[in-house]
Every structure is written in structure tokens, then in C-alpha cells.
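Architecture at a glance
Here's the letter readout for the chains.
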Amino acid sequence: MATDSTFTWTGLDKNGRKNKGEVVAASVALAKAQLRKQGIQAKNVKKKTKPLFSFGVKKIKPADIAIFTRQMATMMKAGVPLVQSFDIVAEGLDNETMRQLVVDIKNEVSAGGGLAASLQKHPKYFDDLFCSLVASGENSGTLEVMLDRVATYKEKTEALKAKIKKAMTYPIAVVVVAIVVTGILLVKVVPQFAETFSSFGSDLPGFTLFVLGISEFVQEWWFIILLGIMVAGWSYSQASLRSKKFRDKVDAIALKLPIVGGIVHDSVVARFSRTLSTTFAAGVPLVEALESTAGAAGNAIYAAGIRQIRDDVTSGTSLYQAIRSTGLFPTMLLQMTSIGEESGALDDMLGKVADQYEAQVDNAVDSLSSLMEPIIMSVLGVLVGGLMVAMYLPIFMIGSVVG
């Protein structure tokens, strides 16, 4: 089966004006046929060449997809036709890769494909949950409403992820800097003091000897230490990529960590509530919605628990009882689920739970950031200050003896 390629074209558009653009097709002939369907008289169609080097190419981030979804929802709600909405959004994009993705989807829709079917051709950027919600909107004739819900869902999800990532980036960056600075001091600065101490002709303090021993070890084995760190990082990334058992173990450990475990738990509960609320409001059947929710859980322990809920609901158990039997979810979620089932407003109740736990995650992350700052400063002070004290201690001792 031939793979699709991107072709550039120049010619006259359906209004008879000179224009140019790009189209995705399996061959030049199919590209020309696709353009004819769009009312374009193409004079020149050729395969787009890929650049030899792609160092300046920007990647498409989940945040880009969230912004794209919000823009499309806004255009559709304003009554702008779908294909024209793609054109308007594409023109305002600075990320060339994202612009190309939007153009590709527009071309597929223009050729007669549905929006959901076109999005499914790009699974790297649009997951099953996204595509199923869009498909529900197309089938029910409420695409603009569904895009608005999907946009809200993506925005809240990305905001939650960004908040957690921001909290973790600062301490990791400071720890890396501390390790680098300590390494430079041990390799470059401490040996200079060691040469000075060798002329003293007296015994050095134990703390100074300890630091000098570490310095000698690092100088001799620095390459092995650096290689070991790189191998450990590579091994972790490969294990995470290839071994489901390893990922499950890491997810289980994350839930047991002090402070961080509580943030992970609350973020999973928020994501579960938000996803299930969005899918249920879209008219997706509950069993199918739970399957999508399991995929978006972000933690293997909870994903397994949600699939257990799906199986229990399939066998006739109420959602409240099924969630309760897992023992993973908080009382507030159970109570709101029960009220939602009885009142027929399950999506609204779950939305309120999601709001509550998203707010809890925000507060917990802010508290963690405030707590980490003095701890990190203390660690830096102990590392750098300890090295300086160890180096100057013999000088102070000689000074006191001379005095």
C-alpha cells in the first residue's frame, strides 16, 4: 500500500485567482484528482522535498493541539464553515509543523472525509478519546458544541500538567546545577588546595582528608561516573519505553512517595472526573467512556482500576458501586457519583469533582514549591559551604597555632 506524501501545487483556485498550496495524496495523479474535486485548476504539482537538516523545526506539543481545538471551536460557533476555519487558523500559526498538520487535515476534509476520520490519520497528535468525541459531535450535528467541550477538556488537562511540570522543573534544575558546581570544585579547585597543603608538613583535619579523598576519586574516575549516569538515564528511558511491568512499578512507587504521592493521586482523580464528565456529556456510552478514561488516567494502577469499573458496569453494577469496589477513589467522588446517577446529572457532578481536585493540585503544587525552595538552598549551602570549610580549615588551624 502506497504511503501518503505531501505535494505542492500552483494554479487557479475555484475563484479563478492564482494561488498555491499543499495537498496530501499517495501519488501525483491522485493529488491532481483531489485538487479537481476542490475546484482547483492545478498547473504544476510536485512532491514536496524534505529539508536535509531539520534543526530549526518546531515540534507539535499538546498545548498546540489545545490551542488549535479552541480556535476551531470559536470559528465554528461563530458560524464560519469548517474548511474556511482551517484556513484562518493555519494562517495565524507560527509553528510551521503545526501549520502543515492543519493544512493536511483541511485537505483530507475537503476531499470528502469527515473531521473525525481525518484526525484519526494523525494518532500522534489526536488520541482515541479526542477522535471519539469529535465523531460524536459529527453524528449528532453538534460539532461546534463538541469542539468547545474538547477544547475545555484539553485546556484544563494541559494546565494541570503544566502546573506539575513547573513545580518539578525548578528543583531538578537546581540539583543539576549543584552537582555540576560540586564536580567542578572537586576536580579544579580542591586539587589547588591539596598542592598548598602538601607543603604544610603537618597532619590535616579529618574532614579535609575526607574531602581530598573524594576529590582524588572523582579526578581518577570522573569519566566512569559520567558514563554511569548516562547509562543509568538511558536504561531508565528504555525500560519505561519497553517494559509495561517497569512502568507499572514506577507508577505504584509514585503513589507512595510523601507529598508527591498525594499530588499524583489528586491529579489522577481530577483527570478521571474531567474525562468521564466530558465523554458522558458528549453522549458517549458509559462503557466506551470508561475505556477512554482508562487510557487517559496517566497512572497504571488507576488505569487498571478504571478497567475493573468498566467490567463491573458491563455486568450490570451501578457506576457508584463499581467505583467503590476498587478502593482507589475518595469519598467525595463516590458521593457525587451517587448523587449524579440518582439525579441524572452525572456529567455535572463529575465536573464539580474535577474542579475541586484540580484546585487541590494547584494548592499542593504551590505548597510544594514553597517547601522545596528552603530545602534546596540548605542542600546547596551544605555542599558548597562544606567544601569551602574543609579547604580553609587547615589554614585556620595554622593561623591559630602561629597566633
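Just above, that's the structure.
Anyway, here's the lowdown on the structure attached to this text. (Residues numbered from 1 in each chain as written. Predicted model: local features only at pLDDT ≥ 70, side-chain atom pairs only at ≥ 80, totals over all residues. Heavy atoms only, no water.)

This paragraph deals with the pattern of salt bridges. The full count for this structure, using the stated rule, is 10 salt bridges. Notably, a salt bridge pairs glutamate 155 with arginine 70, separated by 2.8 Å at the nearest N-O pair. Of this pair, glutamate 155 sits in helix H7 (residues 143-197) while arginine 70 sits in helix H2 (residues 62-77), placing them 85 residues apart in sequence. You can call glutamate 155 partly exposed: its relative accessible area is 32%. By relative accessible area, which is 22% here, arginine 70 ends up partly exposed. Ionic pairing is found between aspartate 311 and arginine 310, a salt bridge with its closest N-O pair at 3.1 Å. (Salt bridge = Lys/Arg side-chain N within 4 Å of Asp/Glu carboxyl O. Helix = DSSP H or I, 4+ residues; strand = E, 2+ residues; numbered from the N terminus. Buried < 20%, exposed > 50% of the residue type's maximum accessible area, 1.4 Å probe, protein only.)

The next subject is the nonpolar core. If you look at the biggest cluster of nonpolar residues, it comprises 67 residues, and the most contacted ones within it are Phe86, Leu115, Phe126 and Phe329. Per-element accounting of this core gives the leading share, 8 residues, to helix H15 (residues 346-402). Sequence-distant contacts of leucine 115, that is, excluding residues within four places in its chain, are made with Leu82, Phe86, Ile105, Val109, Val134, Glu138 and Leu143. (Core = buried A, V, L, I, M, F, W, Y, C linked by side-chain atoms within 4.5 Å. Contact = heavy atoms within 4.5 Å.)

Taking 1.5 Å as the rise per residue, helix H4 (residues 96-110) with 15 residues should run 21 Å; its terminal C-alpha atoms sit 21 Å apart, in good agreement. A large share of H4 lies buried, amounting to 11 of its 15 residues. Every buried residue of H4 is accounted for by Met98, Gln100, Leu101, Val102, Val103, Asp104, Ile105, Lys106, Asn107, Glu108 and Val109. By the N-cap criterion, in which a side-chain oxygen at the helix start approaches the backbone nitrogen of a residue two or three places on, H4 is capped by asparagine 95, the distance to threonine 97 being 3.0 Å. Following H4 by one or two positions, glycine 112 adopts a phi angle in the positive range, close to 110°. (Expected span 1.5 Å × (residues − 1). Polar contact = N/O pair within 3.5 Å; in protein donor to acceptor, adjacent residues only side chain to side chain.)

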